[in-house]
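# Residue-level structural notes
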Amino acid sequence: MKSSKPVETATPHRKRWAGSPSMLVASLLLSAPGTIWAAPFDDADEDPYEFTPLVTQRVNQFTSEVELGMRYITDDAFKFGEYNSQNHQGWQVDGNFDIEQRDFEDGTAKYLRAEGNSIGTKSRDVTLEGGQQGDHKFRLYFDGIEKQTHGQFLQPYDNSNPYEQVSTGVTPPFSTEEVKVNREKIGLLFSKKTPSRWTFTAEANQEEKEGTRDYANFRTLYLYPIEYTTSTVNLAADYAAKDYQLQLGYEFSKFENASADVKLNGSSLIAQEPENRFQQVHVNGNYRLTDRTRATGFVAYSVGDQDETILTDASNTSTDAKVKSVIARVGVSSRVTNKLTLNAKYSYQDKDNQTPEYVNTSSRTSQAFDTTWKTLAVNGYYRLPKGSKIGLGYEREDIDRPDQNREETNEDTIWASYKLPMMDRLSGSIKLSRSERDGSAYDPDGISLAVGVGGGGTRISAAGTQNYHDADRDRTKAQVNLQYQLGTTGHIGVMLQKWNDEFPEAVYGLQEVDGEMFTIDFGASPMRTLSYSLYAGVQNFNYDQKGGAGASFPTGSVVAASEWTTDTQSDAFLAGINVNWEVIPNTLALKFGYRYTDTEDIYEQTNGGVASTGTDALPDTDTTIHTVELQGEYFYSKQTTLIARAVYEDYENNNWSYGDTATPAVNNAEIENPYHNAGLIEFGIRYQF
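Cut-off values and rules
The residue numbering used here restarts from 1 in each chain and proceeds along that chain's sequence as written. Only residues with pLDDT of 70 or above have their local features reported here, since the model is predicted, and side-chain atom pairs are shown and tallied only from 80 upward, although totals for entire chains, interfaces and linings are computed over all residues. For side-chain calculations, the full set of non-hydrogen atoms in the structure is used, while hydrogens and water are omitted. Strands here are runs of E lasting at least two residues and helices are runs of H or I lasting at least four, both read from the DSSP assignment and numbered beginning at the N terminus. Accessibility here uses a 1.4 Å probe with only protein chains present; expressed as a share of the type maximum, an area under 20% marks a residue as buried, one over 50% as exposed, and anything in between as partly exposed. Contact criterion: two residues are considered in contact whenever any of their non-hydrogen atoms come within 4.5 Å of each other. Per-residue and other accessible areas follow the Shrake-Rupley method at a 1.4 Å probe size, with only the shown protein chains counted as cover for residues. By nonpolar core is meant a set of buried Ala, Val, Leu, Ile, Met, Phe, Trp, Tyr and Cys residues that side-chain atoms within 4.5 Å join together. Patch members must show over 30% relative accessible area and no salt bridge, and they are joined within 9 Å when carrying like charges or within 5 Å when they are nonpolar side chains of Val, Leu, Ile, Met, Phe, Trp or Tyr. Whenever Lys or Arg places a side-chain nitrogen within 4 Å of a carboxyl oxygen from Asp or Glu, that contact is recorded as a salt bridge. As used in this structure description, the phrase polar contact means that two N or O atoms lie within 3.5 Å; if the pair is within protein, one of them must be able to donate a hydrogen and the other to accept it, and residues adjacent in sequence are counted only when both atoms belong to side chains.

## Points about the overall build of the chain
For the chain, the count of helices and strands is 1 helix and 34 strands. Split into buried and exposed, the 689 residues of the chain put 38% on the buried side. If you take every contact in the chain between residues at least 6 apart in sequence, the share linking residues at least 24 apart comes to 62%. Total accessible area on the chain stands at roughly 35,300 Å², and carbon and sulfur atoms take up 56% of it.

Shown next as structure tokens:
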């Protein structure tokens, strides 16, 4: 419960105002410093350093609140409000509510709760839930989101279907559209407990998607409509006993597409996603073998099928596609002694693709691929004095792909971890891993993914694909986490991660990948009413690739003059600061945040051993973002709070494929650059009761 007296708490007040997506990321970084990018490997037992700065917040006894306010958006900027409908200049009325009622009768609690967020926009959600403790519960929910992919999309076709070309040159008129998708989901859940320890749950929902998206075909960009409906039903029966828990479940989903296939000037060029169905039954459970040992298991069987005609042309029919899958997992976890814990897990998954071969009017044949995965993982942890711990693990993954050029891959991974002992104010951990993946011998009779001549050029022959051997891979990873406590109110944390992938058998294609990630964060609360944090992160990838061209290349040999290599470097940098200050206790609180993001790709290419382009930045990933946020809360009374908030964002993207919606090239389209200088101002009131 909340009280009106300010206290120091690590749980910030629930933030309800939906602002810029950039500031949303910044707020997440504040709540979880050091997690600027997710680590490629992290297990549940080995938690990285964690710290949440103390934030002074008002805590009170009220259980319900209503917020109502207005915001003004300074400019039209689709990227600024990509996911929250805040992308058009002008005023918006918005609000949130969270109303809860609880009654206690005969020793049981009954509750009813209604919650809504961003109800004045298309990116809104509303939930009504209630029930009786230990007996039943229900939830009725609605969730909507509007995603705008592009601002202005200029194309030489009209927006009908079939799409008719309105211009064959560089002279207007052109069709101008916004590229966005509206998604709305409505659902109902009901759960009932019985005296015999069974709990039965049923949930049904339906999601509607409407809008447009861009598609590239034969060097032409154009839009095509989206009109999807996905219906889902989930049924579950859970049984809970003293030593075991069991769940029986069933899932059904159906995807429907009301959009016709896309035609340009009357000719069918691309089919829309076909209607399909999916069904799955599963059994999930766990059993306590002893006080220190528990076993888990999961078995599922599923069927997916679709029989819709791919294209509406009379010469095209359905593929009658069907895929059956079996999944099985078993695991055992045991705390052998107070210091030693051992875990083992085995999983099996088989995908049986029963889709027949399909030949379309262009004499292209589809292929059905079957795949089987088998995975074994064993590991153990041993606790040492002063909170330190060592861990060792081994993992094996086998993948079978019948009738393909590389029918099998087998990967072995070993890893070791060490958690440092508590040394006064310093804590941390280190983890190392090494994996080797071996692919089976090349089978020239297997199905090649690139065979024949077509599409405007020569393709690699089946024999030529043996040079692109990415099945064999050697991977090395290392990660270090350190955290130092500064007195009783501050900290500094560092995370360093490096990894390397090598493909020793690949003559062409991907040769090597190097990656590293470094993050640092600092937080402090020098006084009861003030806290601040700073964070920064750097991420770097290097990709080495090799290829070739020329008349002899499709058969596997490459003339020296046509051989090329590329070295691509991808860099990202992120830094920011967050400040929380209760200027006047019980009366006025301020929050300030600033975030800087910069991403860039740099590449170097050589042809025939001669430098071709030197070193240059790839403009399509050269992006710089500055975001500033300031929010103030004035506690007018114990129940009423006045809120003011301002956000400003400068977004620069140097992308050669974007334009300013001027005249596009012949038979092509142009997309508005996401560059913007946009902001918003919000004023609102929160009433708690």
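Next comes the rest of the write-up.
## Focus on the nonpolar core
Formed by Ile73, Ala77, Phe80, Val647, Ala678 and Leu680, the largest nonpolar core amounts to 6 residues. What alanine 77 contacts, discounting residues up to four positions off in sequence, is Gln86, Asn87, His676 and Ala678.

## What to know about the side chain of glutamine 280
Here glutamine 280 shows up in strand S14 (residues 276-288). You can call glutamine 280 buried: its relative accessible area is 15%. Those residues in contact with glutamine 280 that sit more than four places away from it in its chain are Gly249, Tyr250, Glu251, Ala300, Tyr301 and Ser302.

## With respect to a nonpolar patch on the surface
A cluster of nonpolar side chains, Leu68, Met70, Trp91, Val93, Tyr634, Tyr636, Leu642 and Ile685, forms an exposed patch at the surface whose accessible area comes to about 840 Å². Contributing elements (two or more residues each) for the nonpolar patch: strand S3 (65-73) and strand S4 (90-105).

## Digging into the pattern of salt bridges
All told, the structure shown has 29 salt bridges when counted by the stated rule. Across the pair glutamate 100 and arginine 102 runs a salt bridge, and its minimum N-O distance is 2.6 Å. The class for arginine 102 is partly exposed, based on a relative accessible area of 45%. Among the salt bridges present, the one from arginine 434 reaches glutamate 436, with a minimum N-O distance of 3.6 Å. Through salt bridges with shared partners, one network takes in Arg71, Asp94, Glu629, Arg645 and Glu682.

## A short note on the environment of threonine 476
Assignment of secondary structure puts threonine 476 in strand S24 (residues 473-486). According to the relative accessible area criterion, threonine 476 is partly exposed, its value standing at 33%. In this structure the C-alpha to C-alpha distance between threonine 476 and serine 435, which are 41 residues apart in sequence, comes to 6.6 Å. Those residues in contact with threonine 476, other than ones at most four positions away along the chain, are Ser433, Arg434, Lys498, Trp499 and Asn500. At a separation of 2.8 Å, a polar atom in the side chain of threonine 476 contacts the side chain of arginine 434.

## Here's the deal with unusual backbone geometry
Here serine 118, not a glycine, exhibits a phi torsion of approximately 50°, which is positive. As for its position among the elements, serine 118 is in the loop between strand S5 (108-117) and strand S6 (125-132). The class of serine 118 is buried, set by a relative accessible area of 7%. Despite not being glycine, lysine 386 has its phi angle at roughly 60°, a positive value. Looking at where lysine 386 falls in the secondary structure, it is placed in the loop between strand S18 (371-383) and strand S19 (389-400). A residue is classified by how much of its surface remains accessible, and lysine 386, at 63% relative accessible area, is exposed.

So, to be careful, I would describe these as geometric facts and stop short of saying anything about function.
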